[in-house]
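What the coordinates show
Given next are the chains, with one letter for each unit.
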Protein chains: 2
Amino acid sequence: MAQHIYGRPYEETKHGPLFRPCAPHSVLARLGDKWTILVMSHLAVASGHRLRFSELMQGIEGITQRMLTLTLRNLERDGLLARHYFPEVPPRVEYELTVMGASMLPALEGFTSWIRDHWPRIEECRRAYDEARK
Amino acid sequence: MAQHIYGRPYEETKHGPLFRPCAPHSVLARLGDKWTILVMSHLAVASGHRLRFSELMQGIEGITQRMLTLTLRNLERDGLLARHYFPEVPPRVEYELTVMGASMLPALEGFTSWIRDHWPRIEECRRAYDEARK
DNA sequence: CGGGATCCATGAGGATACTG
DNA sequence: CAGTATCCTCATGGATCCCG
């Protein structure tokens with residue numbers, strides 16, 4: 001029988017619950033990568049007007065051209081980002097969040113605040129753990 | 001000046017907002033890995049009684065001993081999981097979520113439901129994107 | 001039983017150079 | 001300006017074997 005806990009599906013077997021890796025996890029995996037949230041946040045702040053490639057680069061400390069390009073392509077592929085290309089000389093490209101993309105960060109806000117509230121304790125636990133095994 | 005958007009900090013400069021990679025992101029990165037959520041979910045279902053290493057292995061399809069060990073160690077290090085070791089022969093080890101660990105999945109539930117609601121559309125966007133560039 | 005140790009394949013991510 | 005194209009390093013994760 002299919003069950004859920006906190007939105008995650010599992011099957012109830014005679015040996016106990018059985019969890020499987022599932023496809024939607026790719027969304028969390030993407031969010032967990034190094035630059036995605038920073039790019040989306042920058043676009044969210046700009047909400048209303050689009051941002052150019054160079055503006056995004058300037059606004060995200062340490063990102064390289066390559067990683068910005070890859071991050072933007074992945075977001076575009078998922079339908080979270082719209083890319084507007086103008087074949088002028090020199091070329092101009094503008095980016096903005098789609099409606100779906102704009103709805104994502106607010107949905108994550110509850111968890112973001114959980115992290116903010118618990119981060120000091122987590123850091124403390126890590127230090128204690130590392131210290132005990134040094 | 002320090003500002004925030006959806007809980008994420010950034011600095012307002014004369015060239016526009018500036019975002020930096022920040023440490024708490026490691027929590028999201030950990031959640032984005034392959035097994036963490038499945039392990040935590042299994043422990044959450046068992047809430048009230050502890051689970052043994054072998055029970056966790058059985059309940060998570062495809063996980064190897066090595067990855068289960070690594071995932072458990074990381075959770076323990078962050079203070080999300082408690083490990084109880086009994087030096088018998090053969091040895092027995094029991095795991096349970098800490099109070100902080102137990103509070104994490106509920107905090108994530110809002111975003112989990114966002115994923116569930118938007119997943120079909122994301123899949124559709126990916127197919128369309130891949131099709132257009134084939 | 002619950003790992004640790006080791007080896008290996010893959011992919012993320014960084015540095016640099018080049019281009020339509 | 002907004003990328004590609006290469007090359008490189010390192011971390012993640014899988015497979016296998018061994019051990020107290």
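Here is what the cut-offs are and how they apply
- Residues numbered from 1 in each chain as written.
- Chains lettered and ligands numbered in written order.
- Predicted model: local features only at pLDDT ≥ 70, side-chain atom pairs only at ≥ 80, totals over all residues.
- Heavy atoms only, no water.
- Near = heavy atom within 4 Å.
- Polar contact = N/O pair within 3.5 Å; in protein donor to acceptor, adjacent residues only side chain to side chain.
- Helix = DSSP H or I, 4+ residues; strand = E, 2+ residues; numbered from the N terminus.
- Least-squares fit on C-alpha atoms with pLDDT ≥ 70 in both.
- Contact = heavy atoms within 4.5 Å.
- Buried < 20%, exposed > 50% of the residue type's maximum accessible area, 1.4 Å probe, protein only.
- UniProt positions renumbered as here; feature names shortened; annotations may be inferred.
- Nonpolar A, V, L, I, M, F, W, Y, C, P; charged D, E, K, R; others polar.

Per an unreviewed UniProt entry, the recorded name for chain A is Transcriptional regulator, and the organism is Azospirillum ramasamyi.

To continue, consider the protein's contact with DNA strand D. Taken together, 19 residues sit near DNA strand D, with A:Gln65, A:Arg83, A:Tyr95, B:Lys34 and B:Arg66 positioned nearest. Each atom of DNA strand D within 4 Å of the protein belongs either to a base or to sugar and phosphate, the latter forming 60%. One of the side-chain nitrogen or oxygen atoms of B:Lys34 is found 2.4 Å away from a phosphate oxygen of DNA strand D. Of all the secondary structure elements, the ones that give two or more residues to the surface near DNA strand D are helix 3 (53–59), helix 4 (65–77) and strand 6 (92–97) of chain A together with helix 4 (65–77) of chain B.

Another aspect to go through is the relation of the copies chain A and chain B. Laying chain A over chain B is done by rotating through 180° and shifting 0.0 Å along the axis; what remains is an RMSD of 0.0 Å. When the rotation and shift are considered jointly, the pair of chain copies conforms to a two-fold rotation axis. Taking the C-alpha atom as reference, chain A places A:Gly32 closest to the rotation axis, 2.5 Å from it. Taken as a fraction of all interface residues of chain A, those also at the interface in chain B reach 100%, which identifies the copy contact as same-surface.

Before going further, it helps to spend a moment on the environment of B:Asp33. Residue and element names in this part refer to chain B. By the secondary structure assignment, Asp 33 is in the loop between helix 1 (25–31) and helix 2 (36–45). Accessibility expressed as a relative area gives 22% for Asp 33, which makes it partly exposed. Counting along the chain gives 38 residues from Asp 33 to Thr 71, while the straight-line C-alpha distance between them is 9.1 Å.

Another point: the side chain of B:Thr36. Residues and elements named next belong to chain B. For Thr 36, the position within the fold is in helix 2. A polar side-chain atom of Thr 36 sits 3.4 Å from the main-chain carbonyl oxygen of Arg 30. In contact with Thr 36, not counting residues within four places along its chain, are Arg 30, Leu 31, Thr 71 and Leu 75.

This brings us to the UniProt feature "domain: HTH hxlR-type" (unreviewed entry) in chain A. Mapped onto this structure's residue numbering, the UniProt feature "domain: HTH hxlR-type" (unreviewed entry) falls at residues 22–123 of chain A. Here residues 22–123 of chain A runs as 61% helix and 14% strand, with 30 Å between its end C-alpha atoms.

Moving on, we come to the protein's contact with DNA strand C. In the vicinity of DNA strand C, 19 residues are found, and the nearest of them are A:Lys34, A:Arg66, B:Gln65, B:Arg83 and B:Tyr95. Near the protein, meaning within 4 Å, the atoms of DNA strand C are sugar or phosphate in a fraction of 60%, with bases accounting for the rest. B:Ser54 has a polar side-chain atom sitting 2.9 Å from a phosphate oxygen of DNA strand C. At 2.6 Å from a base nitrogen of DNA strand C is found a side-chain nitrogen or oxygen belonging to B:Gln65. Counting residues per element, the ones that place at least two in the surface near DNA strand C are helix 4 of chain A together with helix 3 (53–59), helix 4 and strand 6 (92–97) of chain B. If you tally residues by element for the surface near DNA strand C, the top one is helix 4 of chain B, at four residues. Split by residue class, the surface near DNA strand C holds eight nonpolar, four polar and seven charged.

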